[in-house]
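In case you want the letters, here they are:
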Amino acid sequence: MSDVTDCCVLVCGGGNAAQVVTGLLSTRYKTIAVSFFADEAAKWKAALGRDSFELTTEGAAVGKIVSKPFDITNDPSVAAQADVILLAVPSIAHGEYFEKFAPYMKKGTIVGVMPARSGGDILFAKKLGDKAKDMIFVGFETLPWACRFTEWGRKATILGTKNTILGAVTPPEKRAKAIGTLQGLLGPFPLIIESPNNLGISLRNPGMVVHPGVMYGRWGPEFWDGKPKAEKPLFYQGVDEQTEKVLLGMTDEVQAVCRKVEQLVPGMSLRDACTLKQWYLDCYDGQMSDTSTLKGCMNTNKAYNGLTHPCTGEPGKFMPDLKYRYLSEDVPTGLCFAKGLAEILDIPTPTIDKVLLWAQAQIGLEIMVDGKMKGKDISKTRAPQGVGITSFADFVKLADLKADVSGGRTEGCMAGCTLQ
């Protein structure tokens, strides 16, 4: 940066979150919106025209923010101007942005990914190659806001801002610069709570367990007769004992991975990669009337009132949408990471295997073959094997795993996280 007040921010994406970030940051900083999806950038630029972008912030003293992005483009070379790059795009698109920006990025660029999902730091390191060592990667567990656009490309609304957001920095010695810069961009809320490492963010990812696990528990061959449903089943609040058993099996297998990594990397803490039940206790405290079991946490969570399984069809003839993002995104960019690391560590994962084998057939990918992560589509996933990692030594190197020397954070786990 040439001056303390001079900061160029690239905001990636064209959906709700990207438009909100663009509207917020354009009030003070040179903000360039970038989208590689089809002709989205051109459409957004045309929709806005010469007008300013309007951002409504519900419940805030300043209820409306009016700003104008410096540019809206699909040209990756603008990365050469960036001090900060923020990705607010689906996780399946992260690799494309990393790869296209790589030739242009300057040393010290902070790359924040909201959310990073699982293995985002490893994908970043692989796509940038030797250049990655000069960059700063920040993986966030979730988005900072609940938001929506009210007029695409022109107006958006922040419905609520989370109190806190969990993030991890690679390399950890750059945490002060990264967290300080990003907190300055976001403002006082949400407060960025630092996690010791990005592996903790990766293995904490609740979506990789909940979404495919609940889908399997409802629509898997053990539980569904293939006939249409009269009504769309409740998703979280419809979790029954058989689905709870699937979820518990998956989360226990992820915990086995965590403990093995901590054993192999002395001093490393994966405390944020908690069990699924603990995640609910941390994130939805006060919103659940029964916290005695995982099923109780999900069934009685008021934040989930009325949320149903993704379905196609009409009343009386509802069929599951088995290509919905709960499988098409959360399996390749979440569950495959956990399974791949477990395989490297020789940890058996019978429940994850069962769910993964079923899910890959639904989304049309060949990922696991003969119990191994070696299918022809493995490169389309976040599994370590997808970027050529087959040994723990290689994993440690690419993920930059080391003992937690930060002294640890004293706050509890995130209070502002959500899962929908």
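Keep in mind the model is a prediction, meaning the values are calculated, not measured.

S.K.: Looking at this structure, how should I read the sheet that holds strand β1 (residues 8-12)?
M.R.: Where strands meet in a sheet, backbone hydrogen bonds hold them as pairs that are either parallel or antiparallel. The strand order across the open sheet formed by eight strands is β5-β2-β1-β6-β7-β8-β11-β12, and the pairing between neighbours is mixed. Looking at which strands have only one partner, the edges of the open sheet turn out to be β5 (71-73) and β12 (191-195). Geometrically, the sheet is characterised by an average inter-axis angle of 25° between neighbouring strands, direction not taken into account. Of the pairings in the sheet, the one linking strand β8 (residues 136-140) to strand β11 (residues 164-170) comprises four bridges and is antiparallel in character. Along β11, the bridge assignment pairs F137 with T170. Contacts between helix α5 (residues 175-186) and the sheet are confined to β1, β6 (84-87), β7 (110-113), β8, β11 and β12, with β12 contributing the most and set at about 155° to the helix.

S.K.: What is the right way to read the side chain of Q255 from this model?
M.R.: Note that Q255 resides in helix α8 (residues 241-264). Each residue touching Q255, except ones within four places of it in the same chain, is listed here: A273, C274 and T275.

S.K.: Just checking my understanding: could you explain the sheet that holds strand β4 (residues 64-67) for this structure?
M.R.: With respect to topology, four strands assemble into an open sheet ordered β4-β3-β10-β9, the strand pairing being mixed. Edge strands, defined here as strands with exactly one partner in the open sheet, are β4 and β9 (145-151). Shown here is a sheet whose adjacent strand axes are inclined to one another by a mean of 20°, direction ignored. With four bridges connecting them, strand β3 (residues 53-57) and strand β10 (residues 155-161) associate as parallel partners. Each residue of the ladder has a partner; that of E54, found in β10, is K155.

S.K.: Help me understand the nonpolar core in this model?
M.R.: In globular proteins that are soluble, nonpolar side chains generally tend to be buried together. Of all hydrophobic cores here, the largest spans 69 residues; its most connected members are L199, L203, V261, Y280, L341 and F395. Apart from residues no more than four positions distant in its own chain, L199 is found in contact with V261, M268, L270, F337, L341, F395 and L401. Counting residues in hydrophobic clusters, the runner-up holds 37 residues, among them A33, W44, A156 and I192.

S.K.: Can you walk me through the environment of P228 in this structure?
M.R.: Secondary-structure assignment places P228 in the loop between α7 (207-219) and α8. Looking at P228, the relative accessible area reads 46%, which means it is partly exposed. Separated by 206 residues in sequence, P228 and T22 place their C-alpha atoms 43 Å apart. Ignoring sequence-local partners within four residues, the contact set of P228 consists of G316, K317, F318 and M319.

S.K.: Please explain the packing of α7 against helix α13 (residues 350-363) as it appears in this structure.
M.R.: It is at 10 Å that the axes of α7 and α13 come closest, and there the two elements cross at 80°. Relative to α13, α7 is oriented roughly perpendicular. Of the residues in α13, those touching α7 at P212, M215, Y216 and W219 are K354, V355 and W358. The class makeup of the residues in the contact of α7 with α13 is six nonpolar, no polar and one charged.

S.K.: Explanation requested: the pattern of salt bridges in the structure shown.
M.R.: Should the charged atoms of two oppositely charged side chains come close, the side chains can pair. Here the structure, examined in full by the defined rule, presents 19 salt bridges. Close ionic contact of K106 with D83 constitutes a salt bridge, the shortest N to O distance being 3.2 Å. Here the residue K106 occupies a position in the loop between α3 (94-101) and β7, and D83 occupies one in the loop between β5 and β6, the gap between them amounting to 23 residues. For K106, a relative accessible area of 32% gives the class partly exposed.

Rules used throughout
Residues numbered from 1 in each chain as written. Predicted model: local features only at pLDDT ≥ 70, side-chain atom pairs only at ≥ 80, totals over all residues. Heavy atoms only, no water. Pairing = 2+ DSSP bridges. Helix = DSSP H or I, 4+ residues; strand = E, 2+ residues; numbered from the N terminus. Axes fitted to C-alpha atoms, helices over the stretch in contact; angles between N-to-C directions. Contact = heavy atoms within 4.5 Å. Core = buried A, V, L, I, M, F, W, Y, C linked by side-chain atoms within 4.5 Å. Buried < 20%, exposed > 50% of the residue type's maximum accessible area, 1.4 Å probe, protein only. Parallel < 35°, antiparallel > 145°, perpendicular 65-115°, else oblique. Nonpolar A, V, L, I, M, F, W, Y, C, P; charged D, E, K, R; others polar. Salt bridge = Lys/Arg side-chain N within 4 Å of Asp/Glu carboxyl O.

What is shown is where atoms sit, not what they do.
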